[in-house]
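These are the residues of each chain, in order.
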Amino acid sequence: MDFDIIIIGSGAGGGMTALRLCEQGFKVGLLERGPRFDPRKDYIMNYPDWERRNDPLKHARQAEQTIDQDYRTEFAHNNKQGRRSPLRYFRVHGVGGSTLHYQGEAHRFAEHAFRTNSEFGWGVDWPIGYSDLAPYYAQAEQLLGVAGAQGNPFKPKREAFPTPAHSLSAKSQIMAAAASKAGFSLLPNTLALPSLSIDGRTPCQHSGTCNYGCVFQAKSSIDQAIIPRAEKTGNLTLLSETRVLNLNIDDAGEVSSINCVDANGTIRLSAKRYVLAGGSIETPRLMLASTSAAQVNGLGNNNDQVGRYFMETVYCTAKFALNSDAKTYTGPPLDARVWDFCKPQDKQTNGFVLGLAGYLHPSIGPSNHAIRTAGIGRRHLARAKETFGRDIYVFGVAEQEPLASNRLTLSAKRDKRGQAKIKVHCQYSERDKHTIDVVMDKLHKWVSQAPSDGIMSTSDTLRRSSATHVGGTCRMGNEASTSVVDSFGKVHGQKDCYITDASVLPTQGAGDSPSLTIQALALRTADRIASDLKNLST
């Protein structure tokens, strides 16, 4: 099979790239190592005994992990020595990628998030600015039916959202009052959970179960909002359960074809252009593992930049219980955000955001709540009934300082396909550690103003890794000596290879979710690929 473009990975970046190129008339092969799920049959929330069923996404999240879990790092913080746990990376292998289990957050990065070096003296400035992405942000929002409200004072002025913001849930109304007392603002979140019907799909039903996959097909995950549109063009060939083994590189150092494996065995595919969209760990792993006489250190790695500047999720959380039932299991899971601190407050602190959630995976249901409630017999039953619907998690997500020493390298260990695993080398800088302290202090102040008996437990990712929003490893920049791709996602020194995933992010947007930015960048890169191919044919 020959294509105009082959895209490896069907998540936020790969799916959006595919749609744009298909709509412009190009033949696209979209490769996904995981299965295609049917929300009406595969997701456990379709069934009354869902709490006892195995979540299909649980297997997909962990299937064939390519991370070498033996790696540990030391840390010292607040006069305490310790060892960091290995990276716990939450992703999904399946058509739609990690948008299958994401909770719909759709954030435009603030203007200052593109200029951390020039404004705050750390990190690196992007080779593009907010104005370059603004039209692509708008296009992605329209495709996803993003729900939101204008007037956020912490973000650039903008046009109306495609669908109105969701009303704040009962838990968020309570915590908005607590935030106000603590001196900051809890605002409606911007979500790819349409509040009105988009493309004939059901609008968000406020079931609170986005993390399990949306049985209503309302969440604008890539498999629901984007892939069907691409298929309607007749230009998309979707190859699910097909894993890429390596990229073949010719004598000139260019990608000539790819080797992959499906249920029938090994196949070789070729195209005029190749797009890597496997995420910030799989994309550099594939590049490092694809060598030749012209690319002895891996594709695009002549300057030893592939895998560097890895950024994981810097995250803090505090759990407590409200003094009354607020049905914390209902509503969009992440319907509100605090952006007051997205712009660094001083020279020692990274930007961060705060938020809240009710019951988190996997403890969303009454049975799981009961299991986690102490006691036995009738008293236990009464206690479980009394406390269900009260649990709250408040959390903070911060930007991580991008350091060249935080990097991915190939491990000597192999997975069951014989592919080299990845070693993750990542330590927190002093800025990162200080930011964690600041975030935790804000969480304590917030909870202190809520109607509760106080915090029951806290955690942070310095000690226990929990990564969802990873970035870097193939970052964009103008100089090949310090980056992997140019401002349009083309790999430096390559004619036919692009990247459209979170690995190209130079920084992390001050804690905002990266999915919408990945999608906007993907649309921009797709337009450049289309222009390149059209010029090639004239």
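Relevant structure appears above.
Residues numbered from 1 in each chain as written. Predicted model: local features only at pLDDT ≥ 70, side-chain atom pairs only at ≥ 80, totals over all residues. Heavy atoms only, no water.

Draft legend 1. Main features of the overall build of the protein chain. Each helix and strand in the protein chain was counted, giving 12 helices and 19 strands. For the protein chain, the C-alpha radius of gyration of 23 Å lies close to 24 Å, the compact-globule estimate for 538 residues. Taken along its principal axes, the extent of the C-alpha atoms in the protein chain is 70 × 50 × 45 Å. By residue count, 60% of the 538 residues in the protein chain fall in the buried class. In the protein chain, of all internal contacts separated by at least 6 residues, the share reaching a separation of at least 24 is 73%. As displayed, the protein chain offers around 21000 Å² of accessible surface, 47% of which is attributable to carbon and sulfur atoms. A gap of 5 Å separates the mean positions of the 63 positive and 53 negative side-chain charges of the protein chain. (Helix = DSSP H or I, 4+ residues; strand = E, 2+ residues; numbered from the N terminus. Rg over C-alpha atoms; globule rule 2.2 N^0.38 Å. Buried < 20%, exposed > 50% of the residue type's maximum accessible area, 1.4 Å probe, protein only. Contact = heavy atoms within 4.5 Å. Areas by Shrake-Rupley, 256 points an atom, 1.4 Å probe, with all protein chains shown as cover. Lys, Arg positive; Asp, Glu negative; His and termini not counted. Charge placed at Lys NZ, Arg CZ, Asp CG, Glu CD.)

Draft legend 2. Structural view of the packing of helix H1 (residues 12-23) against helix H12 (residues 515-537). Look at H1 against H12: their axes get within 8 Å of each other, and the N-to-C directions meet at 35°. As H1 runs across H12, the sense of the crossing is right-handed. Of the residues in H12, those touching H1 at Ala12, Gly13, Met16, Thr17, Arg20 and Leu21 are Ser515, Ile518, Gln519, Ala522, Leu523, Ala526, Asp527, Ile529 and Ala530. Class assignment of the residues belonging to the contact of H1 with H12 gives a composition of nine nonpolar, four polar and two charged. (Axes fitted to C-alpha atoms, helices over the stretch in contact; angles between N-to-C directions. Left-handed = near helix turned anticlockwise from the far one by under 90°. Nonpolar A, V, L, I, M, F, W, Y, C, P; charged D, E, K, R; others polar.)

Draft legend 3. Structural detail: the nonpolar core. Among the nonpolar cores identified, the biggest contains 79 residues, and Ile5, Ile6, Ile258 and Met287 are the most heavily contacted of them. In terms of nonpolar packing, the next biggest core, distinct from the first, is built from 32 residues, Ala178, Ala318, Ala398 and Leu443 among them. (Core = buried A, V, L, I, M, F, W, Y, C linked by side-chain atoms within 4.5 Å.)

Draft legend 4. Geometry of unusual backbone geometry. Even without being a glycine, His206 presents a positive backbone phi close to 60°. By secondary structure assignment, the location of His206 is in the loop between strand S7 (187-188) and helix H6 (222-225). One non-glycine residue with positive phi stands out, namely Lys327, at about 50°. Within the secondary structure, Lys327 is located in the loop between strand S12 (314-321) and strand S13 (336-338). Overall, the relative accessible area of 44% leaves Lys327 in the partly exposed class.

Draft legend 5. A look at the pairing of strand S11 (residues 265-276). Here strand S1 (residues 2-8) runs beside S11; their pairing, made up of six bridges, is parallel. For Phe3, the partnering residue across the bridge sits in S11 and is Ala271. Across five bridges, the pairing between strand S10 (residues 255-262) and S11 is antiparallel. Following the sheet pairing, Asp262 is matched in S11 by Gly265. (Pairing = 2+ DSSP bridges.)

Draft legend 6. How the structure looks around the packing of aromatic side chains. Applying the stated criterion across every chain yields a total of 12 aromatic pairs. Taken together, a centroid distance of 6.2 Å and an interplanar angle of 85° make the contact between Phe109 and Trp126 edge-to-face. With Phe109 in the loop between strand S4 (80-84) and helix H3 (116-120) and Trp126 in the loop between H3 and helix H4 (130-144), this pair connects stretches of sequence that are 17 residues apart. For the pair Phe341 and Phe352, a centre-to-centre distance of 5.2 Å together with 20° between the ring planes defines the contact as stacked. A residue pair is termed long-range when its members are at least 10 positions apart, and Phe341 in the loop between S13 and strand S14 (352-357) and Phe352 in strand S14 qualify at 11 residues. With respect to class, Phe341 is no different from Phe352; both count as buried. (Phe/Tyr/Trp six-rings, centres within 6.5 Å; stacked < 30°, edge-to-face > 60°.)

Draft legend 7. Examining H4 more closely. Helix length check: H4, at 15 residues, gives a terminal C-alpha distance of 20 Å against a target of 21 Å (1.5 Å per residue), a fit within 8%. Of all the bends found along H4, the most pronounced is centred on Tyr136 and spans about 25°. Taken residue by residue, H4 has Tyr130, Leu133, Ala134, Tyr136, Tyr137, Ala140, Glu141, Leu143 and Leu144 as its buried positions. Along its buried surface, H4 packs onto H1, H6, helix H7 (227-232) and H12. Residue Gly145 follows H4 closely and has a positive phi angle near 65°. (Expected span 1.5 Å × (residues − 1). Bend = angle between axes of the 7 residues up to and from the residue.)

Draft legend 8. Inspection of the pattern of salt bridges at higher detail. Inspection of every chain in the model, using the stated rule, returns 26 salt bridges. For Arg20, the salt bridge is made with Asp527, and the minimal N-O distance between the two is 2.8 Å. Residue Arg20 is found in helix H1, and its partner Asp527 is found in helix H12; the two are separated by 507 residues along the sequence. Linking Arg108 and Glu159 is a salt bridge whose minimum nitrogen-to-oxygen distance equals 2.8 Å. Of this pair, Arg108 sits in the loop between S4 and H3 while Glu159 is found in the loop between strand S5 (147-148) and strand S6 (163-164), placing the two residues 51 residues apart along the sequence. Residues joined by salt bridges that share partners form a network here, namely Arg108, Glu141, Arg158 and Glu159. (Salt bridge = Lys/Arg side-chain N within 4 Å of Asp/Glu carboxyl O.)

Draft legend 9. Up close: the environment of Glu32. For Glu32, the location among the structural elements is in the loop between strand S2 (28-31) and helix H2 (56-62). Taking the C-alpha atoms as reference points, Glu32 and Ile6, separated by 26 residues in sequence, lie 11 Å from one another. Of the polar contacts made by the side chain of Glu32, one reaches the backbone nitrogen of Gly94; its length is 3.0 Å. (Polar contact = N/O pair within 3.5 Å; in protein donor to acceptor, adjacent residues only side chain to side chain.)

Draft legend 10. Highlighting the sheet that holds S14. Taken in spatial order, the six strands of this open sheet run S7-S13-S14-S15-S12-S18, and their pairing is antiparallel. Sheet topology places S7 and strand S18 (457-460) at the edges, where each strand pairs with a single neighbour. Together, S12, S13, S14 and strand S15 (391-398) form the strand contacts of helix H5 (residues 170-182), whose direction differs from that of S14 by roughly 135°.

Draft legend 11. Representation of the side chain of Arg475 in the model. Looking at the secondary structure, you find Arg475 in the loop between S18 and strand S19 (497-499). One buried charged residue, Arg475, remains without a salt bridge, the closest side chain of opposite sign being Asp125 at 9.8 Å. Within polar-contact distance, the side chain of Arg475 engages the side chain of Tyr309 at 3.4 Å. Residues contacting Arg475, with those up to four places away along its chain left out, are Val124, Tyr309, Pro402, Thr482, Ser483, Val484, Val485, Ser503, Val504, Leu505 and Pro506.

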